[in-house]
Amino acid sequence: MKSNKISGMTLLEVMVALVIFAVAAISITKSIGELIANMPILEERTYAQWVADNVLVDAKLDPVFPAVGKKEGRMEMAGKEWYWRKEAVKTTDDDFRLLRVSVSLDERYSNIIAQVNTYVLKTK
């Protein structure tokens, strides 16, 4: 005698597979939503980092050794006005200065978006 059994998935197996797929789809959708929500923040930080890098490049190209103190300015990038503060800090070696650049979107620097440090050497 031949067995006429047809093999396939039961209704329970199909429902379990659908539940697993639904959980995976929800978690992927949530991850993509969080990524998209963080995009403006990452973009703002990137522009602030570029502003700080530009200020530091200008400082390194300046032939005059920076005096200890603060200097402030502003720069336009990506349609926004960025405010930067450059601090020259004395180090233990008089031939070096620590340069610290802070970047903000407001001139009171209540929310510093990026801060970059570097050292410059006094050329003789």
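Preceding this section is the structure that the text describes.
Per-chain numbering applies: the sequence of each chain, read as written, is numbered from 1 onward. The predicted origin of the model limits local features to residues at a pLDDT of at least 70 and limits the giving and counting of side-chain atom pairs to 80 or more, whereas totals for whole chains, interfaces and linings rest on all residues. Excluded from the side-chain calculations are hydrogens and water; all other atoms, namely the structure's heavy atoms, are used.

(A) Local environment of the pattern of salt bridges. For salt bridges, the criterion is a side-chain nitrogen of Lys or Arg within 4 Å of an Asp or Glu carboxyl oxygen. Under the defined criterion, the tally for this structure stands at four salt bridges. Here Glu81 makes a salt bridge to Arg74, at a shortest N to O gap of 3.6 Å. In this structure Arg74 comes out as exposed when scored by relative accessible area, which is 58%. Relative accessibility thresholds used throughout: buried, under 20% of the residue-type maximum; exposed, over 50%; partly exposed, between the two (1.4 Å probe, protein chains only).

(B) Region of the structure containing the layout of surface pockets. Cavities and pockets are defined on a 1 Å grid built over the protein atoms alone: a cavity is a set of grid points where a 1.4 Å probe fits but cannot escape, while a pocket is an open set with protein on both sides within 12 Å along at least five of seven lines, and lining residues are those with an atom within 4 Å of any such point. Grid points are joined across faces, edges and corners, and a volume is the space filled by probe spheres set on the points. Taken as a whole, the largest pocket holds about 160 Å³ of empty space. Looking at the largest pocket, it is lined by 13 residues, and the ones nearest its centre are Pro66, Ala67, Lys71, Lys86 and Ala88. Numbering of helices and strands runs from the N terminus; a helix is a DSSP stretch of H or I covering at least four residues, while a strand is a stretch of E covering at least two. Of all the secondary-structure elements, those providing two or more residues to the lining of the largest pocket are strand E1 (69-77) and strand E2 (80-90). Each residue gets one label: Ala, Val, Leu, Ile, Met, Phe, Trp, Tyr, Cys and Pro are nonpolar, Asp, Glu, Lys and Arg are charged, and the others, such as Gly, are polar. Counted by class, the lining of the largest pocket contains seven nonpolar, one polar and five charged residues.

(C) Fine view of the environment of Ala25. Tracing the sequence through the fold places Ala25 in helix H1 (residues 11-61). Along the primary structure Ala25 and Asp94 are separated by 69 residues, whereas in three dimensions their C-alpha atoms are 60 Å apart.

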